[in-house]
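# Close look at the chain arrangement
The primary structure of each chain is shown beneath.
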Amino acid sequence: MKLVDSDNPPLRLILGSMVYDLAMDALKKRMNAWEEWETVSRASENAIPAP
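Residues numbered from 1 in each chain as written. Predicted model: local features only at pLDDT ≥ 70, side-chain atom pairs only at ≥ 80, totals over all residues. Heavy atoms only, no water.

## Some thoughts on the pattern of salt bridges
Heads up, the condition is: For salt bridges, the criterion is a side-chain nitrogen of Lys or Arg within 4 Å of an Asp or Glu carboxyl oxygen. Only DSSP runs of H or I reaching four residues or more are called helices, and only runs of E reaching two or more are called strands; each is numbered from the N terminus. Under the scheme applied here, a residue whose accessible area is under 20% of the maximum for its type counts as buried, over 50% as exposed, and between as partly exposed, the area being computed with a 1.4 Å probe on protein chains only.
On inspection of all chains with the given rule, the structure shows 2 salt bridges. Here D25 and K29 are joined by a salt bridge, their closest N and O atoms 3.4 Å apart. Residue D25 and its partner K29 are located together in helix α2 (residues 17–36), separated by 4 residues, close to a single helical turn. Taking the relative accessible area as the measure of exposure, D25 reaches 38% and is therefore partly exposed.

If you want it as structure tokens, here you go:
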């Protein structure tokens, strides 16, 4: 089995086409939301003083 023989196995593995497609769709939606709010996310660094 490819997974068992792998030198660098994934931390998480999605099994099955339907689950894979659902996971990829959810990830794309998250990434789109993060990109949409990127300027707010990056600006927040200036609002918090460095330790």
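## Examining a nonpolar patch on the surface
Filter applied, for reference: Two distance rules govern patches: like charges are joined within 9 Å, and nonpolar side chains (Val, Leu, Ile, Met, Phe, Trp, Tyr) within 5 Å, applied only to residues with over 30% relative accessible area and no salt bridge. In these tables, accessible area is a Shrake-Rupley quantity obtained with a 1.4 Å probe, and a residue counts as shielded only by the protein chains included in the view.
On the surface, a nonpolar cluster with roughly 560 Å² of combined accessible area is contributed by M1, L3, V4, L13 and L15. As for its position among the elements, L13 is in the loop between α1 (2–5) and α2. With relative accessibility at 47%, the residue L13 sits in the partly exposed group.

## Remarks on the confidence of the model for the protein chain
Low pLDDT marks stretches whose predicted atomic positions should not be read closely. Basically, it comes down to this: For every residue, the predictor assigns a confidence score, pLDDT, that lies between 0 and 100.
For the protein chain, the mean per-residue pLDDT works out to 90, and 92% of the residues sit at or above 70. Across the protein chain, the secondary-structure element scoring lowest on mean pLDDT is helix α3 (residues 38–47), at 83, and the one scoring highest is α2, at 97.

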